Amino acid sequence: MFVTLFVSNASAGCGDVNLQAPFQYASPSVVARLASPVAKAETALGSGMASPSIVGLWKIQFVSMGNTGHNPSIPDGALIDFGYTQWHSDGTEILNSGGHAPATQNFCLGVWGQTGFLTFVLNHFPMSYNATSGALANYINIREQVTLSPSGDAYTGTFTINIYDTSGNQVDHLAGNIVATRLTVDSALPSAAAGN
């Protein structure tokens, strides 16, 4: 899903995207939506507002934060991955990653739970494959902590990605912010395009 890393042929997420400059950056509108979702949720809770649901289809972006010490350095604001994620009412989730080649794997699965009013956690388990040989390359664990907007049409939060070799040894770690916009039966391109 995310990136080809230079440690033990590791790749993050459901596949890989080359993590070399020049980096693509999240748009200013994405960065603006990362501001203060928790305060908005607390305001909605105080007003007695009914809780909207996380269940549905989302356009999602993973934005680098705090990875400047990574090798290679990943600047804050760089787009690590993008795609579509579907949160199901049974507590499962599926992600279609758009930031890599399908030969390395672009679909991966997770489980989620609600931790409070408008707050959720997601525990996601991708596997990544070598694009040339087709052999399993890495196990990955992506964890998200997100806050749904009071309107239920967006969420923001944080993510961590821990990457393991096929023997279970951790070989890399990435972190950042996540931003998502709900897609509906009325959504259309270009606004529904995952990379925008």
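Chemist: Whenever I open this one, the pairing of strand 4 (residues 107-116) confuses me. Can you help?
Modeler: Each regular strand displays side chains that alternate between the two surfaces of the sheet. Pairing analysis gives five bridges linking strand 3 (residues 92-97) to strand 4, with the strands arranged antiparallel. Residue pairing for strand 4: Glu-93 is matched across the bridge by Gly-110. Pairing of strand 4 with strand 5 (residues 119-125) involves seven bridges; the strand directions are antiparallel. In the sheet register, Gln-114 faces strand 5, and the bridge partner there is Phe-120. Here strand 4 hands over to strand 5 after two residues, with Leu-118 in that stretch at a positive phi of 70°.

Chemist: Explain the nonpolar core here, please?
Modeler: Across soluble globular proteins, you tend to see nonpolar side chains buried next to one another. With 26 residues, the main nonpolar core has Ile-54, Phe-62, Trp-87 and Tyr-155 as its most contacted residues. Elements with a contribution of two residues or more to this core: strand 1 (56-64), strand 2 (79-87), strand 4, strand 5, strand 7 (136-148), strand 8 (154-164) and strand 9 (170-183).

Chemist: Help me understand the packing of aromatic side chains in this model?
Modeler: The geometry of two aromatic rings is summed up by the distance between their centres and the angle between their planes. A full pass over the atoms with the stated rule returns six aromatic pairs. Their ring planes at 70° and their centres at 5.6 Å tell us that Trp-87 and Tyr-155 sit as a pair that is edge-to-face. Within this pair, whereas Trp-87 is found in strand 2, its partner Tyr-155 is found in strand 8, the two being separated by 68 residues in sequence. Assessed through its relative accessible area of 0%, Trp-87 is described here as buried. Judged by centre distance (5.8 Å) and plane angle (65°), the ring pair of Trp-112 and Phe-120 falls under edge-to-face. For Trp-112, a relative accessible area of 18% corresponds to the buried category.

What counts, and at which threshold
Residues numbered from 1 in each chain as written. Predicted model: local features only at pLDDT ≥ 70, side-chain atom pairs only at ≥ 80, totals over all residues. Heavy atoms only, no water. Pairing = 2+ DSSP bridges. Helix = DSSP H or I, 4+ residues; strand = E, 2+ residues; numbered from the N terminus. Core = buried A, V, L, I, M, F, W, Y, C linked by side-chain atoms within 4.5 Å. Buried < 20%, exposed > 50% of the residue type's maximum accessible area, 1.4 Å probe, protein only. Phe/Tyr/Trp six-rings, centres within 6.5 Å; stacked < 30°, edge-to-face > 60°.

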